[in-house]
Each structure stands twice: as C-alpha cells, then as structure tokens.
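# Close look at the chain arrangement
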Amino acid sequence: MELKSILKQEIQKLKRCERLLKNVKVLYWKKENAVHTIDLYDKNNEDMITRIELRHQIRKINKQINFCLIEKLKSQNIDPKPYMKNYWNEIVQGFALAHNKYKTEDSFQKAFLYDKNSKLYRRFQDCITAGTMRNYIIYLRNYLDYLSTMRHEEALSQAKKELEKDKTNYVKYQEPALPLNWADIYEQIKYLKSKDMQL
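Structure report, in brief. Please read all numbers here as calculations on a predicted model, not as lab measurements.

So, on to the overall build of the chain. In terms of helices and strands, the chain carries 7 helices and 2 strands. If you list the helices and strands of the chain from N to C, you get α-β-β-α-α-α-α-α-α. With the principal axes as the frame, the chain shows a C-alpha extent of 60 × 40 × 30 Å. Burial analysis of the chain (199 residues in total) assigns 40% to the buried set. Long-range pairs, those at least 24 residues apart, make up 66% of the contacts in the chain between residues at least 6 apart in sequence. When the accessible surface of the chain is summed, it comes to about 12,500 Å², and 51% of that surface belongs to carbon and sulfur atoms. Of the side-chain charges in the chain, 38 are positive and 26 negative, and the distance between the mean point of each set is 2 Å.

Time to look at the nonpolar core. Looking at soluble globular proteins, one finds that nonpolar side chains tend to be buried together. Grouped together as the largest cluster of nonpolar side chains are 53 residues, with contacts concentrated most on Ile 65, Phe 124 and Tyr 136. Contributions of two or more residues to this core are made by α1 (3–22), β1 (24–28), α2 (46–75), α3 (81–96), α4 (107–114), α5 (130–147), α6 (152–164) and α7 (182–198). Considering each element in turn, this core owes the most residues, 10 residues, to α2. Beyond its immediate stretch of four places on either side in the chain, Phe 124 contacts Val 92, Phe 95, Ala 96, Phe 108, Phe 112, Tyr 136, Val 171 and Tyr 173.

For His 99, the position within the fold is in the loop between α3 and α4. His 99 gets classed as buried once you look at its relative accessible area, which sits at 14%. Of note is the side chain of His 99, whose polar atom sits 3.4 Å from the backbone oxygen of Leu 163.

Moving on: the pairing of β1. The element β1 is largely enclosed, with a buried count of 4 among its 5 residues. Examined bridge by bridge, β1 and strand β2 (residues 34–38) share 5 bridges and lie antiparallel to one another. The residue of β2 that forms the bridge with Tyr 28 is Ala 34. The loop that links β1 with its antiparallel partner β2 comprises 5 residues; one of these, Glu 32, has a positive phi angle of about 55°.

Turning our attention to α2. Between its first and last C-alpha atoms α2 spans 44 Å; for 30 residues at 1.5 Å apiece the expected length is 44 Å, and the two agree. Positioned one or two residues after α2, Asn 77 has a phi angle of 55°, which is positive.

What follows covers unusual backbone geometry. Look at the link from Glu 175 to Pro 176: it is a cis peptide, with omega at -10°. Within the secondary structure layout, Pro 176 lies in the loop between α6 and α7. At Asn 33, a residue that is not glycine, the phi angle is positive and equals roughly 55°. Within the element layout of this structure, Asn 33 appears in the loop between β1 and β2. The exposure class of Asn 33 is partly exposed, given its relative accessible area of 35%. For Asn 77, which is not glycine, the phi dihedral falls at a positive 55°.

Moving on: the packing of aromatic side chains. By the definition in use, this model includes 13 aromatic pairs. Centroid distance Phe 95 to Phe 124: 6.2 Å. Interplanar angle 65°. Geometry classified as edge-to-face. Separated by 29 residues along the polypeptide, Phe 95 in helix α3 and Phe 124 in the loop between α4 and α5 bring together distant segments of the chain. Each member of the pair Phe 95 and Phe 124 is classed as buried. Geometrically, the ring pair formed by Phe 112 and Phe 124 is edge-to-face, given 5.8 Å between the ring centres and 90° between the ring planes. Within this pair, whereas Phe 112 is found in helix α4, its partner Phe 124 is found in the loop between α4 and α5, the two being separated by 12 residues in sequence. A network of ring pairs unites the aromatic residues Phe 95, Tyr 102, Phe 108, Phe 112, Phe 124, Tyr 136, Tyr 139 and Tyr 173 as a single cluster.

Analysis parameters
Residues numbered from 1 in each chain as written. Predicted model: local features only at pLDDT ≥ 70, side-chain atom pairs only at ≥ 80, totals over all residues. Heavy atoms only, no water. Helix = DSSP H or I, 4+ residues; strand = E, 2+ residues; numbered from the N terminus. Buried < 20%, exposed > 50% of the residue type's maximum accessible area, 1.4 Å probe, protein only. Contact = heavy atoms within 4.5 Å. Areas by Shrake-Rupley, 256 points an atom, 1.4 Å probe, with all protein chains shown as cover. Lys, Arg positive; Asp, Glu negative; His and termini not counted. Charge placed at Lys NZ, Arg CZ, Asp CG, Glu CD. Core = buried A, V, L, I, M, F, W, Y, C linked by side-chain atoms within 4.5 Å. Polar contact = N/O pair within 3.5 Å; in protein donor to acceptor, adjacent residues only side chain to side chain. Pairing = 2+ DSSP bridges. Expected span 1.5 Å × (residues − 1). Phe/Tyr/Trp six-rings, centres within 6.5 Å; stacked < 30°, edge-to-face > 60°.

Structure below.
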C-alpha cells in the first residue's frame with residue numbers, strides 16, 4: 001500500500017475518533033433524565049474513560065458467564081431463553097443489594113430491572129463508580145469460578161458470601177451514566193492508545 005493511502009486512512013480514523021470523543025452524549029438521571037454532550041478530550045472527564053474501559057472488562061466476563069449458563073442449561077435439554085434474564089436479575093441484585101439500602105423495597109428493581117420505561121433499564125453497570133466497577137468485576141469472576149463446578153443458585157450463593165465478607169463494599173452510583181455507545185467509544189480509545197504506544 002502506498003504511503004499516501006496509509007496516511008489518508010489514518011487521518012480518517014483520527015477524525016472519526018475526534019468527532020466521536022468530543023461529542024459523547026451522557027444521561028444525568030438525577031437531573032430529570034437530562035442528556036448532555038461531554039468532551040472526553042477534556043481532563044475533567046478522564047474518569048469517564050476509566051469507567052468505559054472497566055465496562056469493557058465487565059462485558060467480557062458477562063459473555064463468559066452467558067456461555068457457561070447456556071451450556072449448563074443445554075446439557076440438561078433446557079431452552080436457555082426463558083431463564084437468562086432472571087439469572088442476570090439475580091446476579092445483579094446479589095451485588096447491588098448486599099450492603100446498600102434503598103428508598104423503598106423495590107426501588108432498585110424498578111429503576112434497573114423491571115420497568116422498561118425507566119431510562120436506567122438494564123443499565124446498572126453504566127451507573128456505578130470506577131471503584132464499584134472493580135468490586136463488581138471481582139464478584140462476577142468469583143461467580144464464574146464457582147459456576148464452573150456448581151449450579152447457578154449455588155454459585156451465586158458462594159459469590160455473595162465472598163462479597164459480604166467486606167462490610168465496606170457499598171455500591172456507589174455516579175452521574176452521568178455511561179453513553180449508550182460506550183462500546184464504540186472504547187474501540188476509539190483503544191485505537192488511540194495503541195497509536196500512543198507505537199509512538
């Protein structure tokens with residue numbers, strides 16, 4: 001490939017990165033569900049980059065858990081589809097409810113798990129601090145380790161016991177929520193970091 005062509009491709013990729021990272025739309029759910037545009041090149045938003053990178057790690061573990069759960073159900077000739085959402089509800093609640101108290105008994109479930117009209121529906125992992133994400137990753141890995149030799153209920157029980165040992169391990173929430181296109185943004189961040197390492 002000619003140098004001119006390579007350079008043209010790189011410039012196009014960098015322009016896409018710049019366009020995407022300067023126009024990130026995020027949800028402030030405590031402020032009347034307001035959507036604002038933020039600039040990830042701004043140093044004030046470095047924490048958002050960390051959260052996006054941790055969210056990518058969470059997604060990778062989630063995929064491993066899904067694979068393991070599906071394999072276990074299929075091995076018993078059970079259709080996984082009716083069970084997966086409920087399993088994930090139990091996994092998420094196991095972490096989120098371990099040490100936290102909420103305004104009402106079902107406020108967490110309504111916000112994140114059951115109400116499809118909620119702006120936060122299925123978005124728990126997008127709304128927590130980087131520190132909470134790291135703890136969540138540990139919890140998911142423990143669950144996955146136990147799942148390799150146990151059924152879902154037993155693995156979940158063991159993972160929750162590990163979690164409950166640390167009484168200071170509260171779930172901390174953080175605004176804004178990660179952007180809906182965080183996975184695409186992650187790819188742009190990864191691309192820029194790979195260029196930085198090459199330089």
